[in-house]
Amino acid sequence: QRDVDGDELPELLVWTDQAELAALRNDGAVLWRRSLPGYITAAECYGDLAPGGPRVLVTTREARLYCLDAAGQELWRTDFIESAKLNGDLPTGYSIGLLKQPDGSPLIVVGCYNLASFVSPDGQVLKYERLPAAYQTMTLPRGFDYDGDGVEDIVSTEVWGCLSVLDATMRRRAGGR
């Protein structure tokens, strides 16, 4: 549950793998509904991603990341197709996380196949970081400073028993089999 529309009440994001996404009010009423091109794999909402209200981020199996406003309208989209050269497969986004960089600005982290994809709040892909395992990379939705060094970290789990720690300087700090 997240505050999708900025009213300080939690809403629920629900979706199907057939690209239908809806935000439901806490009383069950539909706030908005929309279709996206492709199969939805993850959705998160962040009130602190950008000025102007909450943003809903949605990944699809077609290697895209969408940013929607509080009314469900698309603000931008980006894709991870370029990263296919690094991983040899379609870079499906399986999870979405958010870090705060040392200067306080937000940084989106998308777990894509065997990569962490770092994306700016305006949709620019900044860096791909290879992870030690593949398929369904699951990144926690929020980061925090695990080791007290003043830089936020986020945990990512990968199939085959791997765990990685990524930080807001866009690097993998720990992880492996």
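Residues numbered from 1 in each chain as written. Predicted model: local features only at pLDDT ≥ 70, side-chain atom pairs only at ≥ 80, totals over all residues. Heavy atoms only, no water.

Considerations on the sheet that holds strand E11 (residues 125–130)
At step 1: Spatially, the four strands line up as an open sheet ordered E8-E9-E10-E11, and their pairing is antiparallel. Each of the sheet's edge strands pairs with one partner strand only, and the pair in question is strand E8 (93–100) and E11. Between one strand axis and the next, the sheet turns through 25° on average, direction left out of account.
At step 2: Bridge count for strand E9 (residues 106–112) against strand E10 (residues 115–119) is five bridges, and the pairing is antiparallel. From the neighbouring strand, Cys 112 faces E10, where its bridge partner is Leu 115. (Pairing = 2+ DSSP bridges. Helix = DSSP H or I, 4+ residues; strand = E, 2+ residues; numbered from the N terminus. Axes fitted to C-alpha atoms, helices over the stretch in contact; angles between N-to-C directions.)

A closer look at the nonpolar core
At step 1: Formed by 17 residues in total, the largest nonpolar core has its most connected members in Leu 57, Leu 65, Trp 76, Phe 80, Ile 96 and Ile 108.
At step 2: Elements with a contribution of two residues or more to this core: strand E4 (40–46), strand E6 (64–68), E8, E9 and E10.
At step 3: The element that contributes the greatest number of residues to this core is E9, accounting for three residues.
At step 4: Contacts of Ile 108, omitting those with residues within four sequence positions, involve Leu 49, Leu 57, Leu 65, Trp 76, Ile 96, Gly 97, Leu 98, Ser 117, Phe 118, Val 119, Ser 120 and Pro 121.
At step 5: In terms of nonpolar packing, the next biggest core, distinct from the first, is built from 13 residues, Ala 23, Ala 43, Tyr 66 and Leu 68 among them. (Core = buried A, V, L, I, M, F, W, Y, C linked by side-chain atoms within 4.5 Å. Buried < 20%, exposed > 50% of the residue type's maximum accessible area, 1.4 Å probe, protein only. Contact = heavy atoms within 4.5 Å.)

What to know about the state of the cysteines
At step 1: Inspection of the entire model under this criterion finds zero disulfides.
At step 2: The thiol of Cys 67 is unpaired, and the distance to the nearest cysteine sulfur, on Cys 45, comes to 9.6 Å.
At step 3: A residue is classified by how much of its surface remains accessible, and Cys 67, at 1% relative accessible area, is buried.
At step 4: Looking at the unpaired Cys 112, the closest cysteine sulfur is the one in Cys 67, lying at 16 Å.
At step 5: A relative accessible area of 0% means that Cys 112 is categorised as buried. (Disulfide = S-S within 2.5 Å.)

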